[in-house]
Amino acid sequence: AQSVTQLDSHVSVSEGTPVLLRCNYSSSYSPSLFWYVQHPNKGLQLLLKYTSAATLVKGINGFEAEFKKSETSFHLTKPSAHMSDAAEYFCVVTPTDKLIFGTGTRLQVFP
Amino acid sequence: GAGVSQTPSNKVTEKGKYVELRCDPISGHTALYWYRQSLGQGPEFLIYFQGTGAADDSGLPNDRFFAVRPEGSVSTLKIQRTERGDSAVYLCASSLNGGGTETQYFGPGTRLLVL
C-alpha cells in the first residue's frame with residue numbers, strides 16, 4: 001500500500017527565511033507525488049507534482065520539491081518565506097487515481 | 001464553469017436525517033472525486049467516477065453513503081441516517097481524464113455538521 005508521512009505537524013519561520021516541509025513516502029513502485037496547499041476557508045490548490053520526469057520539480061509561488069528515491073523523500077522548500085505562505089500543506093501520493101494525503105503541516109510565518 | 005463548485009457551503013442537520021451534497025465539476029472533466037476531511041486531518045478518498053460510473057468506491061465508509069453522477073457531469077453525495085461522526089468537510093475534485101498523473105482541481109467543500 002502507498003502512504004506518505006509528513007514529519008512535522010507545525011513549522012514556524014520568520015518572513016524572509018527558508019522553508020522546509022518534510023515528506024517521506026512509501027510505495028512499491030515509482031509513485032506520482034504532489035504537494036497541495038490549503039489556505040483558511042479556501043479550497044485545496046496544487047503547488048507542484050512529480051510524475052517520473054525531472055526529479056527537481058518547480059511549482060507556483062517559488063516552491064520546489066526534490067524527489068529522492070534513495071531516501072524515499074519529497075521535501076518541499078522555498079528560499080524565502082512570505083507572510084502569504086502561511087497555510088496548511090499536504091504531501092500526497094497517488095497509486096492510480098485516488099489521492100492519498102498526509103496529515104498535513106501547518107506553516108506559520110512570523111514578521 | 002471556471003472551477004469546481006459545491007453546494008451548500010454549509011449544512012447543519014440532526015442525527016438520523018438524510019442529506020445530499022452537490023458537486024459541479026469543471027466543464028469537460030470526465031473524472032470526479034469525493035473526499036472527506038475531518039478536523040485536523042488530511043482529506044480521505046471516498047469515491048471516484050469516470051463518466052457516469054463509479055470506477056472506485058472503496059473509500060465509502062458504509063452503506064449509508066452513496067453517490068451518483070447520472071449524466072456524467074454533476075454528482076450528488078447522499079448520506080442516510082446521519083451520525084455525529086459524519087461531521088466533516090466534504091470535498092469534490094475533478095480532472096480532465098482521470099489517471100494518477102493528472103491534476104485534480106478541488107472545490108471549496110461542504111461543511112457538514114450533524115447535531
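Scroll up to find the structure this text is about.
The shown structure was predicted, so the numbers you read here are calculated from the model rather than taken from an experiment.

J.: Would you mind going over the state of the cysteines in detail, with residue names and values included?
T.: Within this structure, the stated rule accounts for two disulfides over all chains. Disulfide partner of A:Cys23: A:Cys91, at an S-S distance of 2.0 Å. As the torsion about the S-S bond is roughly -65°, the A:Cys23-A:Cys91 disulfide counts as left-handed. One end of the pair, A:Cys23, is in strand E4 (residues 23-26); the other, A:Cys91, is in strand E10 (residues 87-94), with 68 residues separating them in the sequence. A:Cys91 shares its class with A:Cys23; the two are buried. The disulfide bridge from B:Cys23 ends at B:Cys92, spanning 1.8 Å between sulfur atoms. Given an S-S torsion of about -65°, the disulfide between B:Cys23 and B:Cys92 has left-handed geometry. In this pair, B:Cys23 sits in strand E3 (residues 19-24) while B:Cys92 sits in strand E9 (residues 88-95), placing the two residues 69 residues apart along the sequence.

J.: Describe in detail the pattern of salt bridges, supporting the description with residues and values.
T.: Proximity of charged atoms lets side chains of opposite charge pair with each other. Under the defined criterion, the tally for this structure stands at eight salt bridges over all chains. Between A:Asp85 and A:Lys78 there is a salt bridge, and its shortest N-O distance comes to 2.8 Å. Residue A:Lys78 is classed as buried on the basis of its relative accessible area, which comes to 10%. One salt bridge connects B:Asp86 with B:Arg64, and the closest N-O pair in it is separated by 2.8 Å. Of this pair, B:Asp86 sits in the loop between strand E8 (75-79) and E9 while B:Arg64 sits in the loop between strand E6 (53-56) and strand E7 (65-68), placing them 22 residues apart in sequence. Residue B:Asp86 is classed as buried on the basis of its relative accessible area, which comes to 3%.

J.: So what about the interface of chain A and chain B? Which residues, and what values?
T.: Across the contact, 18 residues belong to chain A and 22 residues belong to chain B. Here chain A and chain B share an interface that buries about 1500 Å² over both sides, 52% of which is from carbon and sulfur atoms. Inspection of the chain A/chain B interface yields one salt bridge. Taking the shortest distance from any N to any O, the salt bridge between B:Asp56 and A:Lys98 comes out at 4.0 Å. Listing elements by their share of the side of chain A that touches chain B, those giving two or more residues are strand E5 (32-38), strand E6 (44-50) and E10 of chain A. Tallying contributions element by element places E5(A) first for the side of chain A that touches chain B, with four residues. For the side of chain A that touches chain B, a count of residues per class yields seven nonpolar, eight polar and three charged.

J.: Outline a nonpolar patch on the surface, listing residues and values.
T.: All names here are of chain B. A surface patch of nonpolar side chains, about 270 Å² in accessible area, is lined by Val12, Leu113 and Leu115. In this fold, Val12 is placed in strand E2 (residues 10-13). The exposure class of Val12 is exposed, given its relative accessible area of 53%.

J.: I'd love a proper account of unusual backbone geometry, names of residues and values included.
T.: With omega at -10°, the peptide bond leading from B:Thr7 into B:Pro8 counts as cis. Take B:Pro8: it is sitting in the loop between strand E1 (5-7) and E2. Here A:Thr72, not a glycine, exhibits a phi torsion of approximately 45°, which is positive. With a relative accessible area of 32%, A:Thr72 lands in the partly exposed category.

J.: Tell me about the nonpolar core, and name the residues and values.
T.: In terms of nonpolar packing, the biggest core is built from 26 residues, with A:Trp35, A:Leu48, A:Leu76 and A:Tyr89 touching the most fellow members. The element contributing the most residues to this core is E10(A), with four residues. When sequence neighbours within four positions are dropped, the list of residues in contact with A:Leu76 reads A:Val19, A:Leu20, A:Leu21, A:Trp35, A:Leu47, A:Leu48, A:Phe63, A:Glu64, A:Ala65 and A:Tyr89. Among the nonpolar cores identified, the runner-up in size contains 20 residues, and B:Leu21, B:Leu32, B:Leu60 and B:Cys92 belong to it.

Basis of the calculations
Residues numbered from 1 in each chain as written. Chains lettered and ligands numbered in written order. Predicted model: local features only at pLDDT ≥ 70, side-chain atom pairs only at ≥ 80, totals over all residues. Heavy atoms only, no water. Disulfide = S-S within 2.5 Å. Helix = DSSP H or I, 4+ residues; strand = E, 2+ residues; numbered from the N terminus. Buried < 20%, exposed > 50% of the residue type's maximum accessible area, 1.4 Å probe, protein only. Salt bridge = Lys/Arg side-chain N within 4 Å of Asp/Glu carboxyl O. Contact = heavy atoms within 4.5 Å. Buried area = accessible area lost by both parts, 1.4 Å probe. Nonpolar A, V, L, I, M, F, W, Y, C, P; charged D, E, K, R; others polar. Patch = residues over 30% accessible without salt bridge, like charges linked within 9 Å, V, L, I, M, F, W, Y side chains within 5 Å. Areas by Shrake-Rupley, 256 points an atom, 1.4 Å probe, with all protein chains shown as cover. Core = buried A, V, L, I, M, F, W, Y, C linked by side-chain atoms within 4.5 Å.

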